[in-house]
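# Residue-level structural notes
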Amino acid sequence: MIGLISATAAGAVARDRLAAAWSGSAVVYEGPVREAVRRAFAECEQLVCFLATGAVVRLVAPLLADKATDPGIVCVDESGRHAVALLGGHGGGANSLAVAVGEVLGAAPVVTTATDSVGIAGLDMLGLPVEGDVAGVSRAMLDGAPVALRADAVRPLPALPPNVSSGATGPVALHITDRIVELGAREAVLRPASLAVGVGASKNAPEEEVLGLIRDALEGAGLSASSVAELVTVDAKAQEPGIVAAAARLGVPLRTYPAEELARIEVPHPSDAPLDAVGTPSVAEAAALAGGGELLVPKRKSQPEGRAAMATCAVVRRAPRGRLAVVGLGPGARDLLTPRAREELRRASVLVGLDQYVDQIRDLLRPGTTVLESGLGAEEERARTAVAEARRGHAVALIGSGDAGVYAMASPALAEAGADIDVVGVPGVTAALAAAAILGAPLGHDHVSISLSDLHTPWEVIERRVRAAAEADIIVTFYNPRSRGRDWQLPKALSILAGHREPATPVGVVRNASRPDESSRVTSLAGLDPATVDMMTVVTVGNTATREIAGRMVTPRGYRWQSATAAPADGTAG
């Protein structure tokens, strides 16, 4: 929950805007400010204080206990110009909270944590448990000092700065491993969630017996409990109290599998006892191996004093899964790049894209990001490269203009990608949508986009689609309408549409939508000169209901055009 506190009327107005925007996740604390801060500090994960930073510092100073548990605090000034991440920038989420406040109030987020200021991923912001001298290693990363990277596998993490490498030597080291390591004075370790622990238990097996067995098994194999991703067992034990409690104590989810599925998994130590009890010759080993991986700890039984064992466990290391984000950059304008796309660009350690698109967003990449760029015509090569890098375990961003799934990189990439990598699609603003916003409202009813490039699609197929759209009275946006080597396709497509629509049908022409040299005009089906169109142009042809009103293309949401109630041609209201 986010606590909201203000001391003035102006602050209360902004406070209430946040409360409305974050309904259900924020609460307003009324009353004397000191008491409100004290109560919110004790009850909330985060605070937004509409107070001076100095005042908040004095109010919360006596309340501070530990950076791991103190709430993140953001201060907003009286005029609402700045949202300052004051306390708990990383652990308390104040940095991201400052950004969120800015999005609602229009305030500029002020983030002063060193790693964020220079674009380096903070070790405590990578989504993994981190141990050791985090401050010392982070300082070395910031200073450009050599940091030895000792990773047991490639993992889909954001880019680390160039001075962090496997070839670096010196006293500073960053380990990425699930193994227990003895850390030096200037070393830290990141714990990947790589271990699955299979668990079997008799009815009413004690929680401490189950948990103790798991911890002993991990410690005996030199493995860190912080790298346990999940406990796994058979469906019949989904509600077994000792197993459920052990998962809760470890802070991991409990996953279960049907007995018949586990019975099909080959294990080194099958047994008749679980077969008779739950229908599978193995619970712990089979459940651990069900998601694939390497068996590190074979089935092991608990050893209570004075009675038979009631719990078994086995440990498997899962192979890292690479991550491929297919990112749409929008039509070109920076403000049409979505926040999610920005996040994915900074989430990646490898970027793959067309050179001119890479240039658009190069400044958004983290230091150390590997950039693999190529020129026009290498789409399939880029798709294969991106998938190959993801298969090596990296976090990859494959970029395309507009929406990456519309005439762009998502199709060839996903045709290459299998189930062995994670794939994330990031939508973007398409050229058709950007052009439509410039023209007015031409896509108010059913519409279709058709590429007139016959480099990959036979013209006979393209022509059939144009005829279908013409006969169905569907608004058409033409991509790739005309190039130096393809100058007849657009006139042919327009002639097909002209067989079903009036010569005065509005046509919108937008070149370089949203870019500095953007140009646009509204003409007609009879008046469009195809020679004025090139590959950087989007052409939108209205349907029989589309009208030009005050210089804008407008297609009504229904097919009935009620001229008696339509707005006057000059655009004034009646």
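Report follows, based on the coordinates.

Rules behind the numbers
- Residues numbered from 1 in each chain as written.
- Predicted model: local features only at pLDDT ≥ 70, side-chain atom pairs only at ≥ 80, totals over all residues.
- Heavy atoms only, no water.
- Helix = DSSP H or I, 4+ residues; strand = E, 2+ residues; numbered from the N terminus.
- Buried < 20%, exposed > 50% of the residue type's maximum accessible area, 1.4 Å probe, protein only.
- Contact = heavy atoms within 4.5 Å.
- Areas by Shrake-Rupley, 256 points an atom, 1.4 Å probe, with all protein chains shown as cover.
- Lys, Arg positive; Asp, Glu negative; His and termini not counted.
- Charge placed at Lys NZ, Arg CZ, Asp CG, Glu CD.
- Phe/Tyr/Trp six-rings, centres within 6.5 Å; stacked < 30°, edge-to-face > 60°.
- Salt bridge = Lys/Arg side-chain N within 4 Å of Asp/Glu carboxyl O.
- Core = buried A, V, L, I, M, F, W, Y, C linked by side-chain atoms within 4.5 Å.
- Pairing = 2+ DSSP bridges.
- Axes fitted to C-alpha atoms, helices over the stretch in contact; angles between N-to-C directions.

### Digging into the overall build of the protein
Tallying secondary structure elements over the protein gives 18 helices and 29 strands in all. Referenced to the eigenvectors of the C-alpha coordinate spread, the extents of the protein come out at roughly 95 × 65 × 50 Å. The proportion of buried residues among the 574 residues of the protein is 46%. Sequence-distant contacts, at least 24 apart, represent 65% of the contacts inside the protein between residues at least 6 apart. By element, 52% of the accessible surface of the protein is carried by carbon and sulfur atoms, the whole surface being about 26,700 Å². Of the charged side chains in the protein, 54 are positive and 64 negative, and the gap between their average positions amounts to 2 Å.

### Focus on the packing of aromatic side chains
By the definition in use, this model includes two aromatic pairs. Pairing Trp-459 with Trp-488 gives two aromatic rings, centres 5.0 Å apart and planes at 70°, and the pair type is edge-to-face. Residue Trp-459 is located in helix H17 (residues 459-471), and its partner Trp-488 is located in the loop between strand S24 (475-479) and helix H18 (489-498); the two are separated by 29 residues in the primary sequence. On the accessibility criterion, Trp-488 (42% relative accessible area) is partly exposed.

### Describing the pattern of salt bridges
Scanning the model with the defined rule gives 27 salt bridges in all. Close ionic contact of Asp-16 with Arg-15 constitutes a salt bridge, the shortest N to O distance being 3.0 Å. Using a relative accessible area of 39% as the deciding quantity, one classes Asp-16 as partly exposed. On the accessibility criterion, Arg-15 (7% relative accessible area) is buried. The shortest N-O distance in the salt bridge between Arg-150 and Glu-187 comes to 3.7 Å. Of this pair, Arg-150 sits in strand S8 (residues 147-151) while Glu-187 is found in strand S11 (residues 187-190), placing the two residues 37 residues apart along the sequence. Within the structure, one salt-bridge network assembled from shared partners comprises Arg-15, Asp-16 and Glu-30.

### Description of the nonpolar core
Membership of the largest hydrophobic core comes to 24 residues, with the highest contact counts inside it found for Val-197, Val-199, Val-210, Ile-214, Leu-218, Leu-231 and Val-315. Sorting the residues of this core by element identifies strand S12 (195-201), helix H7 (207-220), strand S13 (228-234), helix H8 (241-250) and strand S16 (311-317) as the ones contributing at least two each. When residues in this core are grouped by element, the largest group, six residues, is from H7. In this structure, Val-197 is in contact with Ile-214, Val-228, Glu-230, Leu-231, Val-232, Cys-313, Ala-314 and Val-315, ignoring residues within four places of it in sequence. Core analysis: the second largest hydrophobic core is formed by 21 residues, Ile-462, Ala-469, Leu-497 and Val-541 among them.

### Points about the sheet that holds strand S19 (residues 370-374)
Sheet architecture is open: five strands sit in the order S19-S18-S20-S17-S21, paired in parallel fashion. Lying at the two open borders of the sheet, with one neighbouring strand each, are S19 and strand S21 (422-426). The sheet shows a mean angle of 15° between the axes of neighbouring strands, direction not considered. In this structure, strand S17 (residues 323-328) lies alongside S21, joined through five bridges in parallel fashion. Its bridge partner lying in S21, Val-327 is registered against Val-426.

### Here's the deal with the pairing of S8
Of the strand pairs in this sheet, S8 and strand S9 (residues 164-165) are connected by two bridges, and their pairing is parallel. Note on S9: the bridge partner recorded for Val-147 is Val-164. One ladder, built from four bridges, connects S8 with strand S10 (residues 173-176); its direction is parallel. Counterpart to Ala-148 in the pairing with S10 is Ala-173.

### Details of the sheet that holds S11
The five strands are arranged S7-S11-S10-S8-S9 in an open sheet whose pairing can be described as mixed. Looking at the sheet topology across the chains shown, the edges are occupied by strand S7 (130-132) and S9.

### What to know about H8
Turning to H8, its buried residues are Gly-242, Ile-243, Ala-245, Ala-246, Ala-247 and Leu-250. On the buried face of H8, the contacting elements are S12, H7, S13 and strand S14 (254-257). Gly-251 sits one or two positions beyond H8 and adopts a positive phi of about 75°.

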